[in-house]
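# Breakdown of the fold
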Protein chains: 2
Amino acid sequence: MSHPTTIQVVYAERPNGGVSADSFKIISAEVADPLPGQVAIRNHYLSLDPYMRNILNTPEMIGRPLEGRVVGQIWASRHPDFKEGDWVFAMGRWEQISVVEGTAARHVNINVAPASAYLGALGFTGLTAWSGLKHYGALTAGETLFVSAASGAVGSMAGQIGKIRGLRVAGCAGTDDKVAWLTDELGFDAAFNHRTASNLTAAVSAACPEGIDVDYENVGGAVFDAVFRNMRLGGRILICGAISQYQRAPQPCVPNILDFINKRLNMRGFSVRDHAAEIQEYIDEAAAWLRDGKLKYRETIVTGIENTPAAFAKLFSGENFGKLIVDVR
Amino acid sequence: MSHPTTIQVVYAERPNGGVSADSFKIISAEVADPLPGQVAIRNHYLSLDPYMRNILNTPEMIGRPLEGRVVGQIWASRHPDFKEGDWVFAMGRWEQISVVEGTAARHVNINVAPASAYLGALGFTGLTAWSGLKHYGALTAGETLFVSAASGAVGSMAGQIGKIRGLRVAGCAGTDDKVAWLTDELGFDAAFNHRTASNLTAAVSAACPEGIDVDYENVGGAVFDAVFRNMRLGGRILICGAISQYQRAPQPCVPNILDFINKRLNMRGFSVRDHAAEIQEYIDEAAAWLRDGKLKYRETIVTGIENTPAAFAKLFSGENFGKLIVDVR
């Protein structure tokens, strides 16, 4: 009996310095028959996210396809909840056909939003922003929220949720186009380009003249240093990511420990993995925001699985704009 | 009409580098008559605490007596709740007689413990440890608590409260005598001398082989760096003080921001000032611990108000052992 084949992107070698397309190779692999309880998904879209950089620090992963979230249609099912053609979301792999446990897949409704949205605005990207602010932000209307990497997939959701919750929202991004999108399209109250600002602390202060109550941190490094100096009494610092730190040796990051006491600061790291069970609650709330025009999103969809490695590398160079997705059909 | 005089310690000049006795001068001042609602307290004891270092960064304080907590007896009262001879605690000043609002004084019971204890084990020192652990520690029996400056006035209370709550408790101190006191007298499970340890990270790890769930931080700097590297998943870092940082330019203090995400860390700065209203609740609980021998304390009582400046300087050199008090009678 012959098996169909799938093209896979496997982790080839540990990056020596920054991530590049050379860290991966494209291979062809047989698709296993689903076992009882499993489903085979013909993936339409793969999600590319900065957190995947961590996997490349795991040498045991070399030679294996990278794990990642996918949206696609059931191609073969041995699980009673799924039938051929159903649209589903799952944790799959960087490949065209993924065989996963049925319990790890979830139906999505493409009448509510395009399928790709279930990887971004209605997926774990949005859930990351929503759950971080909900559980650790203690948001209060009228307060100031600052978002770094604010035009990014997660940052743009965090800023808009802040606006929906009645906060004043400011942020920074790495190009003037991205900054303009924040203020002109997403309704940010203030934004600046952190790559061209001559004094980051002053730039944050100008964007947040009364200081920052909640920092939704995605960048780390010099941007975080400037944000920290502008925190207000009782401020909450939510550490979602630190994209400036993924490709370098760790550097000390809090400029003055005594400010924690003087300002009663609270700094919390979190992961969407702890909040996966809340995805449907999030989708229900966010789908209404999308429908009402309160939540907007931007996607960059790269076509062709063979272009996945080069696309992934762009996540770390700042060349990408919006949620990065690969169409692998 | 002649007024009595009091000897006062006033702030004379901003320290150029470390605090020394030269930062202060001793003067004689008239005692004002208490106004309606006020009381005059003949101070017995003054409390000396590291937080007072911050006052020396306030140039407006030059020429004025330092504020500080006192225990003494009512010498003259124009407040109905107090009569001559009553033992009271109050926020007073570094002087022999303090006139304060009656609403800011509080009776103490010297049959429960010696009067000086109301500045330490039964005072704001103990409240600092107790309220920090209570509100921000989320203590769970069986977890590991680490306390830096563990033989200090606050640290020794924090460690013992941790033991009472059923945690495994480890700590560090700056002399072998202090370390021996922690393990032999206070019941710490492990302790080490951070001044002689050749590798601080390894020393913390040896003292906390399963890692640290709660850090009660009093030191900062290199000690904090080593503690941070030993934090466990879900760890809480309580920033009470950072005595290594009071006398120097601020230095960055968290070695790796990504550990906040990987370990879901929570770091919180706090101040006992936010918990002043809980003092009686604390005293009620801690007095029973003292009576039952579960809580021990050590005091260094310096005699003579004129010795206050030199005693204060020793708080920052590590020469002091236990709660530092001046007998000003």
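Just so it is clear, the model here is predicted, and its values are computed rather than measured. Residue numbers here run from 1 along each chain, matching the order of that chain's written sequence. Whichever chain is written first becomes A and whichever ligand is written first becomes 1, with later ones labelled in order. A pLDDT threshold of at least 70 governs which residues receive local features in this predicted model, and a stricter bar of 80 or more applies before side-chain atom pairs are shown or counted, although totals over entire chains, interfaces and linings include all residues. The side-chain figures draw on all heavy atoms in the structure; neither hydrogens nor water molecules are used.

## Thoughts on the nonpolar core
We define a nonpolar core as any set of buried Ala, Val, Leu, Ile, Met, Phe, Trp, Tyr and Cys residues linked to one another through side-chain atoms lying within 4.5 Å. To sort residues, take the accessible area from a 1.4 Å probe on protein chains only and compare it with the maximum for the residue type: under 20% means buried, over 50% means exposed, and anything in between is partly exposed. In this structure, M267 and F312 of chain A together with M267 and F312 of chain B are the most contacted members of the largest nonpolar core, which totals 122 residues. Setting aside residues up to four positions removed in sequence, F312 of chain B forms contacts with V19, F24, L48, D49, M52, R53, L56, W94 and L324 of chain B. We call two residues in contact when some of their heavy atoms are within 4.5 Å.

## Describing helix α2 (residues 153-164) of chain B
An α-helical segment advances 3.6 residues per turn. Residues three or four places apart therefore align on the same side. Residues and elements named next belong to chain B. The first and last C-alpha atoms of α2 sit 17 Å apart over 12 residues, in line with the 16 Å expected at 1.5 Å per residue. Burial runs high along α2: nine of the 12 residues are buried. Inspection of α2 places V154, G155, S156, M157, A158, G159, Q160, I161 and G162 among the buried residues, and these make up the whole buried set. By definition, any uninterrupted DSSP run of H or I lasting at least four residues is a helix, any uninterrupted run of E lasting at least two residues is a strand, and each is numbered from the N terminus. One or two positions beyond α2, positive phi appears at G166, with a value near 90 degrees. One less than the number of residues in a helix, times 1.5 Å, gives the span that helix is expected to have.

## Considerations on the environment of G72 of chain A
Residues and elements named next belong to chain A. Structurally, G72 is set in strand β4 (residues 67-77). A relative accessible area of 0% places G72 in the buried class. Expressed as a C-alpha distance, the spacing of G72 and H107, which sit 35 residues apart in the sequence, is 9.8 Å. The residues contacting G72, other than those within four sequence positions of it, are I41, R42, N43, H44, D86, W87 and V88.

## Considerations on the packing of aromatic side chains
All names here are of chain A. The criterion for an aromatic pair is that two Phe, Tyr or Trp rings (for Trp, the six-membered ring) have centres within 6.5 Å, with stacked assigned to planes under 30 degrees apart, edge-to-face to planes over 60 apart and tilted to the rest. The full count for this structure, using the stated rule, is 28 aromatic pairs over all chains. When the centroid spacing of 5.3 Å and the interplanar angle of 85 degrees are considered together, the rings of W181 and F321 count as edge-to-face. Remark: F321 occurs in the loop between α8 (308-317) and β15 (323-327) and W181 occurs in helix α3 (residues 176-184); sequence separation between them is 140 residues. Overall, the relative accessible area of 10% leaves W181 in the buried class.

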